[in-house]
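# Tertiary structure, described
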Amino acid sequence: MTITFITGANKGLGRETARRLIECGHTVLVGARNREQGEEAAAALGARYVPIDVKDDASVAAAAANVAEHEGRIDVLINNAGVHGAAGDPGDLTAADALAVFDVNVIGVIRTTTAFLPLLRRSDDPVIVNVSSGMGSLAFTHDPDRPESHVVAPLYTSSKAALTMLTTQYAKGLKDIRVNAADPGYTATDLNGHSGPQTVTEGTDAIVALATEGPGAGTGRFVSRHGEIAWS
């Protein structure tokens, strides 16, 4: 039985990923900061709720200890929790604004990955999926034919660019674990006021594909629902 831990799994892409992976036969652990929402999602999906706030070292350590006690290992870690931050004129940004976004989208991934590595290394085929975004792609955000090029969201875009680079470094450094990044695409979620043209099911295609690949699949890739994205 594949055991999968998902951060930010109480709603949006995380919840839909949980639902789909349960359908695939995974045992899913719903990680969420909000207890009420996390417990509701887990009950509705047939999963187990694990409290986690990726901004808090103690909370992340407690989540890993919780899983160690109950499941003893995980096979797949999906770093999905994310925030958008301010959009528009970057002249109004503050250091506090930046810290708030990077603390979740980048440092939160580091906190969670480090805490869960011992549990992943108990798996026969450990996998990490980082939910990044085409908004962090230099090529996409400079292509006038793509929607990513028409958005000014300096903190979200830069944090996702950092996350995709972090993914490549994990893939190079963690030889025993498959580490990839997923681009969900422009999906209707709370993060964008449900303005995206894709459904959450479409938005989770790449995440689910990476989480269900068999042993020997590639590492250090950036993947969308349409296929692999070139690093640029």
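Residues numbered from 1 in each chain as written. Predicted model: local features only at pLDDT ≥ 70, side-chain atom pairs only at ≥ 80, totals over all residues. Heavy atoms only, no water.

## Considering the overall build of the protein chain
Going by this rule: Helix and strand assignments come from DSSP, with helices taken as H or I runs of at least 4 residues and strands as E runs of at least 2, each series counted from the N terminus. As defined in this context, the radius of gyration uses C-alpha atoms, and a globule is described by 2.2 Å times the residue total to the power 0.38. Throughout, exposure labels follow a simple rule: accessible area from a 1.4 Å probe, protein chains only, divided by the maximum for the residue type, with under 20% read as buried, over 50% as exposed, and the rest as partly exposed.
A tally of regular secondary structure across the protein chain gives nine helices and eight strands. Against the globule reference of 17 Å for 232 residues, the protein chain gives a C-alpha radius of gyration of 16 Å, in line with a compact fold. Expressed along its principal axes, the backbone C-alpha trace of the protein chain runs to roughly 45 × 35 × 30 Å. Within the span of the protein chain, comprising 232 residues, buried residues form 49% of the whole.

## Describing the sheet that holds strand 6 (residues 178–183)
Note the threshold: By the convention used here, strands pair only if DSSP detects at least 2 bridges between them.
Pairing is mixed in the open sheet, where eight strands are placed in the order 3-2-1-4-5-6-7-8. Edge strands, defined here as strands with exactly one partner in the open sheet, are strand 3 (48–51) and strand 8 (227–228). With three bridges connecting them, strand 1 (residues 3–6) and strand 4 (residues 76–79) associate as parallel partners. Residue pairing for strand 4: I6 is matched across the bridge by I78.

## What to know about helix 4 (residues 95–105)
As a reminder, the rule being used: Here, two residues are considered to be in contact whenever any of their heavy atoms come within 4.5 Å of each other.
Among the residues of helix 4, V101, D103, V104 and N105 are the ones counted as buried. Check the buried side of helix 4 and you find it contacts helix 5 (107–120) and helix 7 (154–173).

## A look at the packing of aromatic side chains
Defined as follows: The criterion for an aromatic pair is that two Phe, Tyr or Trp rings (for Trp, the six-membered ring) have centres within 6.5 Å, with stacked assigned to planes under 30 degrees apart, edge-to-face to planes over 60 apart and tilted to the rest. Comment: the charge-over-ring label is applied if NZ (Lys) or CZ (Arg) is within 6 Å of the ring centre and within 35 degrees of the ring normal.
Within this structure, the stated rule accounts for one aromatic pair. Each ring, one from F5 and one from F116, has its centre 4.6 Å from the other, and the planes form 35°; the classification is tilted. Of this pair, F5 sits in strand 1 while F116 sits in helix 5, placing them 111 residues apart in sequence. Of the two residues, F5 and F116, neither departs from the other in class, the shared state being buried. Residue placement shows R146 over the ring face of F140; its charged tip is 3.6 Å from the ring centre.

## What about the packing of helix 1 (residues 12–23) against helix 2 (residues 35–45)?
Let me state the cut-off plainly: Here the axes come from fitting lines to C-alpha atoms, over the contacting stretch only for helices, and the angles between their N-to-C directions go from 0 to 180 degrees. Should an angle lie under 35 degrees it is considered roughly parallel, over 145 roughly antiparallel, and from 65 to 115 roughly perpendicular; all remaining angles are considered oblique. Helix crossings are classified by the rotation of the near helix relative to the far one: an anticlockwise turn of less than a right angle makes the crossing left-handed, while a clockwise turn makes it right-handed. Side-chain classes are defined by residue name, with Ala, Val, Leu, Ile, Met, Phe, Trp, Tyr, Cys and Pro counting as nonpolar, Asp, Glu, Lys and Arg as charged, and the others, Gly among them, as polar.
Contact geometry of helix 1 with helix 2 gives a least axis separation of 10 Å together with a crossing angle of 25°. Our classification of the angle between helix 1 and helix 2 gives roughly parallel. You can see that helix 1 and helix 2 cross each other, and the crossing is right-handed. Between helix 1, through R15, A18, R19 and I22, and helix 2, the contact on the second element is made entirely by E40, A41, A44 and L45. Looking at the contact of helix 1 with helix 2 residue by residue, the classes come out as five nonpolar, no polar and three charged.

## Observations regarding the nonpolar core
Soluble globular proteins tend to bury their nonpolar side chains together. Put simply, the test is: For the purposes of this section, nonpolar cores are sets of buried Ala, Val, Leu, Ile, Met, Phe, Trp, Tyr and Cys residues that join through side-chain atoms within 4.5 Å.
Grouped together as the largest cluster of nonpolar side chains are 28 residues, with contacts concentrated most on F5, V67, I74 and F116. Of all the secondary structure elements, the ones that give two or more residues to this core are strand 1, helix 3 (57–70), helix 5 and helix 7. Examining the composition of this core, we find that five residues originate from one element, helix 5, more than from any other. With residues up to four places along the chain from it excluded, the contact list for F5 reads L29, G31, V50, I52, V67, I74, V76, L77, I78 and F116.

## A short note on helix 2
Note the following rule: This arc corresponds to the set of directions leading from the helix axis out to the C-beta atoms. Polar contact is the term for a pair of N or O atoms within 3.5 Å; when the atoms are in protein, one must be able to donate a hydrogen and the other to accept it, and sequence-neighboring residues count only if both atoms are side-chain atoms.
Listed as buried for helix 2 are G38, A41, A42 and L45. Relative to the axis of helix 2, the buried residues are bounded by an arc of 95° and lie together on one face. Residues of helix 2 that are exposed and point over 90 degrees away from its buried face: E36, A43 and A44. In this structure, the buried side of helix 2 is in contact with helix 1, strand 2 (27–32) and strand 3. Capping the start of helix 2 is the job of one residue whose side-chain oxygen sits 3.1 Å from the backbone nitrogen of E36: N34. Taken from the residues just after helix 2, G46 is the one with a positive phi, measuring 85°.

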